[in-house]
Amino acid sequence: MSTSRRDFIKILATLPLASSSFASDGHSEKNGDLASNGTSYSVLMDSTLCVGCRKCEWACNDKNHLPNKDISTFEDTSVFAFRRRPEVDKFTVVNKIQSLKEQQTIKIQCMHCLHPACASACIVGALKKQECGAVTYDADKCIGCRYCMVACPFQIPAYEYKNVLTPKVQKCSFCVDKLEKGEKPACVEMCPNEAMTFGTRAELIEVANSRMHQHPEKYFHHIYGEYEAGGTSWLYLSQIDLRGSEFPQLSSDPIPKLTETIQHGIFKNFVPPLALFTLLGVAMHSLKDKDRD
Amino acid sequence: MKARPLNIPFFTPGVWIVFSLALIGASAYLYRMFFGLAEATNLTNSYPWGIWIAIDVASGVALAAGGFTSAALAEIFHREKYHVILRPALLTAMLGYTFVVIGLLADLGRYYNVWHPMIPTMWQGNSVLFEVGLCVMAYLNVLYSEFAPIVVDRFKGKVTFKNEYLRQKTEGLLTFLDKFFRKILWVLIIAGVVLSCLHQSSLGTLMLIAPTKIHPLWYTPISPLLFWLSAVAVGYPMVIFESLLASKSFGIKPETHVLSSLAKIIPFTVGFYFAAKVIDITIREAWPFVGEGSLQSYMFIFEMALFAIPLILLTQEKIRQSVRGLFISSALVVSGVVINRINVFLIAYHPPYTEEIYLPSIYEIAVTVGLICALVLVYRFLTINLPIVTIEDGE
Ligand code: SF4
Ligand code: SF4
Ligand code: SF4
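Residues numbered from 1 in each chain as written. Chains lettered and ligands numbered in written order. Predicted model: local features only at pLDDT ≥ 70, side-chain atom pairs only at ≥ 80, totals over all residues. Heavy atoms only, no water.

Engineer: Can you walk me through the environment of Leu204 of chain A in this structure?
Structural biologist: Residue and element names in this part refer to chain A. Tracing the chain through its elements places Leu204 in helix H7 (residues 201-214). A sequence separation of 27 residues divides Leu204 from Asp177, and the C-alpha atoms of the two residues are 21 Å apart. Leaving out residues up to four positions away in the same chain, Leu204 has contacts with Ser42, Val43, Leu44, Thr197, Phe198, Gly199 and Leu235. (Helix = DSSP H or I, 4+ residues; strand = E, 2+ residues; numbered from the N terminus. Contact = heavy atoms within 4.5 Å.)

As structure tokens, this is what we get:
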């Protein structure tokens, strides 16, 4: 193998240019920062007001063209025997709070995290936090790797394993089309007892605080989602501590913090990989020369 | 001493068995393609990743580390005596990565979109998987380009077309390719090592996106470092393991002196990895989890033992000199890395809302076994037809 030093230097010189432009393109997406700008929408779910009528489930199915049944069938409370999970054909489920004796229910769906782990994980950017607050999914980009499902701390995305050719990741879309027009999501609109309040995140945190203040006997003093996982767009009030019961116990660090730090550390303007390349190149050439001498 | 095609028959009774397993795997693969993931796998919403990711992809990439570790040794640090292992190691790496991609395609729900990460508008620099994907793809290209000279070497000066014009043109092209690849080979070699370091470590970053789901024995910020160290550690044992297997199957004398001196390096690489694991567990005060008596704790002890035993064995000169000792100790390191990858991707993974557990389906197992068998067959076919293996005593 005969290579001149000039070739070596020429090739090295062209690399940083090509790669730094690549780096800036690749890293232009900053998931999460969008949501904290105040204009994004949120929902406050107050589980003490939830009557377990499951009409929100019906409304969601209806809005999203999911398989649906007559609205009267949703009065069936036998489903509360189990803790159900959102599915490919159910973006939201109402569950009984397991740690309480009386029938007290809570609605779950995608939390629309401010720093969504699913979006940070997605290899092609099919999942995205939009300015309106919704974390949306683009099936046309998706390759079906299901890394988003591994990443989500709330175990929300469901996969159409039964679909042979065009399986999709399925989850609550926050009714993004309505949200973009400033309208309430279908489930919120449907609720007969106003268990869910729609507004901007800052407003809703105030609402939640004042409710807890006015009725300290009714609430466990914590807004789930205010800080969990770096904050979520769906916020929860309840009579019990939801951390470690209906929802996971999470720190205030965004879930993707560690991976993104490592990732951007390794690829800091491509310096580390190029340094390694140079180092190995120098080693290869100098060790070879020594052999000859 | 020059590598040349082996003069042995392709089929033997053993090869027929491997061939049948590969066929069964191929049928299971087709089954998945025609009937979908739900029919073929036991994957669920709580366990989105199974053995196709843990074994076919994660372990597959790790076991192909023989390629970059031996290239670094023989080509960058110019330890010339190891040149004989270069071609077999390169072939294993090339086939290893090829089969990683084939396995991955079975797992992807929309496999026909696998090229999407290459399109700049879909680049997602925050995604660890994006980096792994691009590096693997780039490395695959590097491996094929590094392998091309071997194919050229086989046919250059031996083209036997009847048509003289065609023969000359083909020879001309081959000579050009030969020169071209020789000229850029050094770039490919270094790029291969850099790309390997990047994605071998990034595979260890993947599961760090699930802090609440991964068991504390494996959830560590230095996971990428551990993955890289273990890839380096498994490189030479894998070369020894397959070289001994191949020489047995091909009925040729093993290169014991080269392999023995290669084995001298292993206690250092495995030792480094083992020490890093121990220090990591100590600093994170995770030792109590080792004794908690769960499946996770037993699997951790098992994994560590698979490194500790060969680490001790290979410090003995006598064991390094014996074919059996070499084979057993390198097989242990190889299994250690596979068990580690299974642990990180499956055993450590605990979704918050589920009582069920994941066990692979019969189809998943058939595909995984089939891919390994198919790799062995292609390896055999190529060593029979291309100059890969160096045999000591002339004709
Ligand atoms: S709850 Fe899960 S799926 Fe929803 S935005 Fe957060 S990480 Fe994504
Ligand atoms: S399954 Fe689709 S949406 Fe989820 S991470 Fe993979 S490509 Fe992205
Ligand atoms: S926001 Fe829309 S998609 Fe989400 S649960 Fe409510 S109705 Fe369903």
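What follows continues from the structure just given.
Engineer: Would you mind showing me how to read the nonpolar core here?
Structural biologist: Soluble, globular proteins show a tendency: their nonpolar side chains are buried together. Counting residues in each nonpolar core, the largest one holds 215 residues, and the members touching the most others are Tyr147, Phe154, Met196, Trp234, Tyr236 and Phe247 of chain A together with Phe345 of chain B. Counting residues per element, this core draws most heavily on helix H7 (residues 223-250) of chain B, which supplies 15 residues. Ignoring sequence-local partners within four residues, the contact set of Phe247 of chain A consists of Ile106, Ile108, Met111, Phe154, Tyr224, Tyr236 and Leu242 of chain A together with Tyr353 of chain B. Within the second largest apolar cluster, 9 residues are counted, among which are Met212, Tyr219, Ile223 and Leu237 of chain A. (Core = buried A, V, L, I, M, F, W, Y, C linked by side-chain atoms within 4.5 Å. Buried < 20%, exposed > 50% of the residue type's maximum accessible area, 1.4 Å probe, protein only.)

Engineer: It is not clear to me how the packing of aromatic side chains should be interpreted in this structure. Could you clarify?
Structural biologist: Within a pair of aromatic rings, the relevant descriptors are the distance that separates the centres and the angle that separates the planes. Scanning the model with the defined rule gives 27 aromatic pairs over all chains in all. Each ring, one from Phe11 of chain B and one from Phe19 of chain B, has its centre 5.5 Å from the other, and the planes form 90 degrees; the classification is edge-to-face. The partly exposed category is assigned to Phe19 of chain B, whose relative accessible area is 28%. When the ring of Trp49 of chain B is compared with that of Phe345 of chain B, the centres are 6.3 Å apart and the planes differ by 35 degrees; the resulting orientation is tilted. Residue Trp49 of chain B is located in the loop between helix H1 (13-40) and helix H2 (51-63), and its partner Phe345 of chain B is located in helix H13 (residues 323-347); the two are separated by 296 residues in the primary sequence. Phe345 of chain B shares its class with Trp49 of chain B; the two are buried. Ring pairing ties together the aromatic residues Phe10, Phe11, Trp16, Phe19 and Phe381 of chain B, which thus form one cluster. Positioned above the aromatic ring of Tyr159 of chain A, the side-chain terminus of Arg146 of chain A is 5.5 Å from the ring centre. (Phe/Tyr/Trp six-rings, centres within 6.5 Å; stacked < 30°, edge-to-face > 60°. Lys NZ or Arg CZ within 6 Å of the ring centre and 35° of its normal.)

Engineer: I would appreciate a short explanation of the site of ligand 1 in the present structure.
Structural biologist: By nearness alone, 13 residues border ligand 1, and Cys110, Met111, Cys113, Cys118 and Cys152 of chain A come closest of all. In terms of residue class, the shell around ligand 1 is made up of 11 nonpolar, 1 polar and 1 charged. (Near = heavy atom within 4 Å. Nonpolar A, V, L, I, M, F, W, Y, C, P; charged D, E, K, R; others polar.)

Engineer: Teacher, can you tell me more about the interface of chain B and chain A here?
Structural biologist: Often, the extent of an interface is quoted as the loss of accessible area on bringing the components together. Listed per partner, the contact involves 68 residues of chain B and 74 residues of chain A. The largest per-residue losses of area from chain B upon contact with chain A belong to Trp186, Ile209 and Tyr353 of chain B, which jointly make up 15% of the total buried on that side. Connecting chain B to chain A are 1 salt bridge. Our count for the chain B to chain A interface comes out at 28 residue pairs in polar contact (both at pLDDT 80 or more). When contributions to the side of chain B that touches chain A are tallied by element, the ones reaching two or more residues are H1, helix H3 (66-76), helix H5 (128-155) and helix H6 (164-205) of chain B. Ranked by residue count, the leading element in the side of chain B that touches chain A is H6 of chain B, at 13 residues. A breakdown of the residues in the side of chain B that touches chain A according to their chemical character gives 45 nonpolar, 15 polar and 8 charged. (Buried area = accessible area lost by both parts, 1.4 Å probe. Salt bridge = Lys/Arg side-chain N within 4 Å of Asp/Glu carboxyl O. Polar contact = N/O pair within 3.5 Å; in protein donor to acceptor, adjacent residues only side chain to side chain.)

Engineer: Whenever I open this one, the environment of Glu39 of chain B confuses me. Can you help?
Structural biologist: Here Glu39 of chain B lies in helix H1. Here Glu39 of chain B is in contact with Tyr31 and Tyr363 of chain B, once residues within four sequence places are set aside.

Engineer: Quick question: what am I supposed to make of the packing of helix H4 (residues 83-107) of chain B against H5 of chain B here?
Structural biologist: The description of two packed helices rests on the angle between their axes and on the distance between the axes. Residues and elements named next belong to chain B. For the pair H4 and H5, interaxial distance at closest approach is 10 Å and the crossing angle is 135 degrees. When the axis of H4 is compared with that of H5, the two are oblique. Between H4 and H5 lies a crossing of left-handed hand. Packed against H4, whose contacting residues are Arg87, Leu90, Leu91, Ala93, Met94, Tyr97, Thr98 and Val101, the element H5 presents Val136, Tyr139, Leu140, Leu143, Tyr144, Glu146, Phe147, Ile150 and Asp153 at the interface. Among the residues forming the contact of H4 with H5, the class breakdown is 13 nonpolar, 1 polar and 3 charged. (Axes fitted to C-alpha atoms, helices over the stretch in contact; angles between N-to-C directions. Parallel < 35°, antiparallel > 145°, perpendicular 65-115°, else oblique. Left-handed = near helix turned anticlockwise from the far one by under 90°.)

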